[in-house]
Amino acid sequence: MKISPLFYFCNMSLFPDEKITFNLPDAEVEYFPAFFSIEKANELFEKLKSEIPWQQDTITVYEKNHLQPRLTALYGNEGNPYGYSNIIMQPHQWNPLLMYIKEEVEKECQENFTTVLLNYYRNGQDSMGWHADNEKELGRNPIIASVTFGAERTFQLKHNTLESAKQSINLQHGSLLIMKGSTQHYWKHQIPKTQKPVGGRINLTFRIVK
C-alpha cells in the first residue's frame, strides 16, 4: 500500500497489517503496523522494561542543563561509543533479548545492524525533539529501523525546505518503521509530548555505525 505525500495525519488502525510505503519527496519510509504479533509484542515489552539498565542523561540546551525527557540505553558491537546531542554513550554488549529482535528486523531489512539505541517514554510528558539521525558515524544515506512496543505515540516528520511536506504516523505496539535513502538528509522527525493519558512506550532504533 502506498500513501500519498503531504497527507499529514494517518490513523494506522484503518489500514491492514501489511507494509505501507509513504510516497514522500527525498525520502524512503516504510511502515509495518504489526511486525510482531500482539502476544510477542506484550512479552518483549515487559522484558525490555525490566531487563534493560535504563539511564537518564543530562543534556545542555542554551547553556542550561536539563535531564533528558526519557530514559535511554545503548547496545552495540565491540564497545564502539555513539554520540548525539553532545551525549557520548558507551554500549552494553548484546543480550539474547535484543539479539532476537535484531535478527527479526535484519531479516526484513537485509542489513547487519551494529548498534541499537533504546528510548523508554514513561508517559506523555516524555518526548524527543526535532532531529535527524545524520551523525557522521552513520555514514551517507543511513538506514534506521525503528521498533515500537507499548503505548501508541505520534511520530512526526517534516521536510527541511518544503514547508508543506509533512507526515504524521501513529506508531503501534509491535510495529516497525524503516527510514532509508536520503531521508535523514532532507527530513527531521520527533515524538512530541501529549496531554493524553498514555502508558509507557519503548522504542528501539537499529543503525549501522561505521
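If you're wondering where the values come from, they're calculated on a predicted model, not measured in any experiment. (Residues numbered from 1 in each chain as written. Predicted model: local features only at pLDDT ≥ 70, side-chain atom pairs only at ≥ 80, totals over all residues. Heavy atoms only, no water.)

K.L.:
Would you explain the overall build of the chain in this entry?
P.N.:
Scanning the chain for helices and strands turns up three helices and 17 strands. For a compact globule of 210 residues, the expected C-alpha radius of gyration is about 17 Å, and the chain comes in at 16 Å, within 12% of that figure. The principal-axis extents of the C-alpha atoms in the chain amount to approximately 45 × 40 × 35 Å. Counting only residues that meet the buried cut, the chain has 51% of its 210 residues in that class. In the chain, once contacts between residues fewer than 6 apart in sequence are set aside, the share between residues at least 24 apart is 70%. Entry remark: accessible area of the chain is about 10,500 Å², with carbon and sulfur atoms responsible for 48%. Taking the average location of the 22 positive side-chain charges in the chain and that of its 23 negative ones, the two points are 5 Å from each other. (Helix = DSSP H or I, 4+ residues; strand = E, 2+ residues; numbered from the N terminus. Rg over C-alpha atoms; globule rule 2.2 N^0.38 Å. Buried < 20%, exposed > 50% of the residue type's maximum accessible area, 1.4 Å probe, protein only. Contact = heavy atoms within 4.5 Å. Areas by Shrake-Rupley, 256 points an atom, 1.4 Å probe, with all protein chains shown as cover. Lys, Arg positive; Asp, Glu negative; His and termini not counted. Charge placed at Lys NZ, Arg CZ, Asp CG, Glu CD.)

K.L.:
Would you mind showing me how to read the pattern of salt bridges here?
P.N.:
A pair can form between side chains of opposite charge whenever their charged atoms are brought close. For the coordinates displayed, the defined rule picks out nine salt bridges. Salt-bridge contacts for E30 lead to K180; the nearest nitrogen and oxygen are separated by 3.6 Å. Separated by 150 residues along the polypeptide, E30 in strand 4 (residues 28-32) and K180 in strand 15 (residues 175-180) bring together distant segments of the chain. Of the charged contacts in the structure, one is a salt bridge between R207 and D133, with a shortest N-O distance of 3.9 Å. Separated by 74 residues along the polypeptide, R207 in strand 17 (residues 201-207) and D133 in the loop between strand 11 (128-131) and strand 12 (144-150) bring together distant segments of the chain. A relative accessible area of 6% places D133 in the buried class. Look at the salt bridges and you will find they share partners, linking K19, E30 and K180 into a network. (Salt bridge = Lys/Arg side-chain N within 4 Å of Asp/Glu carboxyl O.)

K.L.:
I would appreciate a short explanation of helix 1 (residues 38-51) in the present structure.
P.N.:
Each turn of an α-helix holds 3.6 residues, which means side chains three or four residues apart point in the same direction. Along its 14 residues, helix 1 runs 20 Å from first to last C-alpha, staying within 8% of the 20 Å computed at 1.5 Å per residue. Of the positions making up helix 1, those classed as buried are A41, L44, F45 and L48. On an axial view of helix 1, the arc spanned by its buried residues comes to 105 degrees, and they lie on one face. Residues of helix 1 that are exposed and point more than 90 degrees away from the buried face comprise E39 and S50. Contact partners of the buried residues in helix 1: helix 2 (96-109), strand 10 (115-121), strand 12 and strand 17. (Expected span 1.5 Å × (residues − 1). Arc of directions from axis to C-beta.)

K.L.:
Would you mind going over the nonpolar core with me for this structure?
P.N.:
Grouped burial of nonpolar side chains is what soluble globular proteins tend to show. Counting 30 residues, the largest nonpolar core has L48, L118, F149, L204 and F206 as the members making the most contacts within it. Residue assignment for this core shows that the elements contributing at least two residues are helix 1, strand 7 (71-76), helix 2, strand 10, strand 12, strand 15 and strand 17. A per-element tally of this core places helix 2 first, with five residues. Not counting residues up to four positions away in its chain, the partners in contact with L204 are L48, L98, I101, V116, L117, L118, A145, S146, V147 and F149. If you look at the next biggest cluster of nonpolar residues, it comprises 27 residues, including V29, Y84, F155 and A165. (Core = buried A, V, L, I, M, F, W, Y, C linked by side-chain atoms within 4.5 Å.)

K.L.:
Got a minute to help me understand the packing of helix 1 against helix 2 in this structure?
P.N.:
Helix-helix packing is characterised by the crossing angle of the two axes and by the distance between the axes. Interaxial distance between helix 1 and helix 2 falls to 11 Å at its minimum, and their mutual angle equals 140 degrees. In terms of axis orientation, helix 1 runs oblique to helix 2. The hand of the helix 1/helix 2 crossing is left-handed. Note on element contacts: helix 2 touches helix 1 through L97, L98, Y100 and I101, opposite K40, L44, K47, L48 and E51. Partitioning the contact of helix 1 with helix 2 into residue classes produces six nonpolar, no polar and three charged. (Axes fitted to C-alpha atoms, helices over the stretch in contact; angles between N-to-C directions. Parallel < 35°, antiparallel > 145°, perpendicular 65-115°, else oblique. Left-handed = near helix turned anticlockwise from the far one by under 90°. Nonpolar A, V, L, I, M, F, W, Y, C, P; charged D, E, K, R; others polar.)

K.L.:
What's the story with the pairing of strand 15 in this structure? I'm lost.
P.N.:
Side-chain direction in a regular strand flips from residue to residue, so the side chains alternate between the two faces of the sheet. Across the six residues that make up strand 15, a large majority, five, are buried. Of the pairings in the sheet, the one linking strand 4 to strand 15 comprises five bridges and is antiparallel in character. Each bridged residue has a counterpart across the sheet, and for Y31 the counterpart in strand 15 is L177. Two elements, strand 12 and strand 15, share five bridges in a ladder whose sense is antiparallel. Each residue of the ladder has a partner; that of S146, found in strand 15, is L177. (Pairing = 2+ DSSP bridges.)

K.L.:
Just to check I follow, could you spell out the confidence of the model for the chain for this structure?
P.N.:
The share of residues in the chain with pLDDT of 70 or more is 91%, and the mean pLDDT across the chain is 90. Low pLDDT, under 50, characterises residues 4-16; the predicted model gives this stretch 36 contacts beyond four residues in sequence or across chains. (pLDDT = per-residue confidence, 0-100.)

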